[in-house]
Amino acid sequence: MTDFANLYSDEYCLLKIKEGDEFYFNLIFKKYRNQLFNYLYKVSKSKEIAEEIVLDVFLKLWHGRDAITEIKKLESFLYSVAHNKAIDFFRAAKRNPVLQEALIVTGK
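Computed from a predicted structure; not experimentally measured. (Residues numbered from 1 in each chain as written. Predicted model: local features only at pLDDT ≥ 70, side-chain atom pairs only at ≥ 80, totals over all residues. Heavy atoms only, no water.)

Draft legend 1. Main features of the side chain of Asp 10. The topology assignment puts Asp 10 in helix H1 (residues 10-18). Note on Asp 10: relative accessible area 12%, which makes it buried. Apart from the residues lying within four places of it in its own chain, the contact partners of Asp 10 are Ile 28, Lys 31, Tyr 32 and Leu 74. (Helix = DSSP H or I, 4+ residues; strand = E, 2+ residues; numbered from the N terminus. Buried < 20%, exposed > 50% of the residue type's maximum accessible area, 1.4 Å probe, protein only. Contact = heavy atoms within 4.5 Å.)

Have a look at this one:
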């Protein structure tokens, strides 16, 4: 089976995503999802939190696709968004007892 995610450049996929093409969005998701998840799992120590943030990162990419051509390096952009979303999560957890409990339960 061919790994379609590596057949197309990130730049080409971004152009197609800007046009609303879900196929290329899914390619990018498959290409970077595990990398981002592993990074966020190391940061959060929680599979659930890491998965939620990964989904948020890709939602931001999809919803912001009108400005997508401004992205120069997709991998750097995704990691930057993931990092910022993780910081936002921990800031929110600091103020929210339910989120604090979730962190305690997951071992953070």
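Don't stop here, the text continues.
Draft legend 2. A look at the pattern of salt bridges. Scanning the entire structure with this criterion turns up three salt bridges. Of the charged contacts, one joins Lys 31 and Asp 10 as a salt bridge, the two residues approaching to 2.9 Å between their closest N and O atoms. Taken together, the positions of Lys 31 in helix H2 (residues 22-44) and Asp 10 in helix H1 put the pair 21 residues apart, joining distant regions of the chain. Taking relative accessible area as the criterion, Lys 31 reaches 26% and is therefore assigned partly exposed. Glu 51 is the salt-bridge partner of Arg 33, the closest N and O atoms lying 2.2 Å from each other. Taken together, the residues Arg 33 in helix H2 and Glu 51 in helix H3 (residues 47-63) connect sequence positions 18 residues apart. (Salt bridge = Lys/Arg side-chain N within 4 Å of Asp/Glu carboxyl O.)

Draft legend 3. Molecular detail of the packing of H2 against helix H4 (residues 74-95). Closest axis-to-axis distance for the H2/H4 pair is 10 Å, and the angle between their directions is 40°. Viewed along their axes, H2 and H4 form a crossing whose handedness is right-handed. The residues of H4 that touch H2, namely those facing Ile 28, Tyr 32, Gln 35, Leu 36, Tyr 39, Leu 40, Val 43 and Ser 44, are Leu 74, Glu 75, Leu 78, Tyr 79, Ala 82, His 83, Ala 86 and Phe 90. Its residues assigned to classes, the contact of H2 with H4 comprises 12 nonpolar, three polar and one charged. (Axes fitted to C-alpha atoms, helices over the stretch in contact; angles between N-to-C directions. Left-handed = near helix turned anticlockwise from the far one by under 90°. Nonpolar A, V, L, I, M, F, W, Y, C, P; charged D, E, K, R; others polar.)

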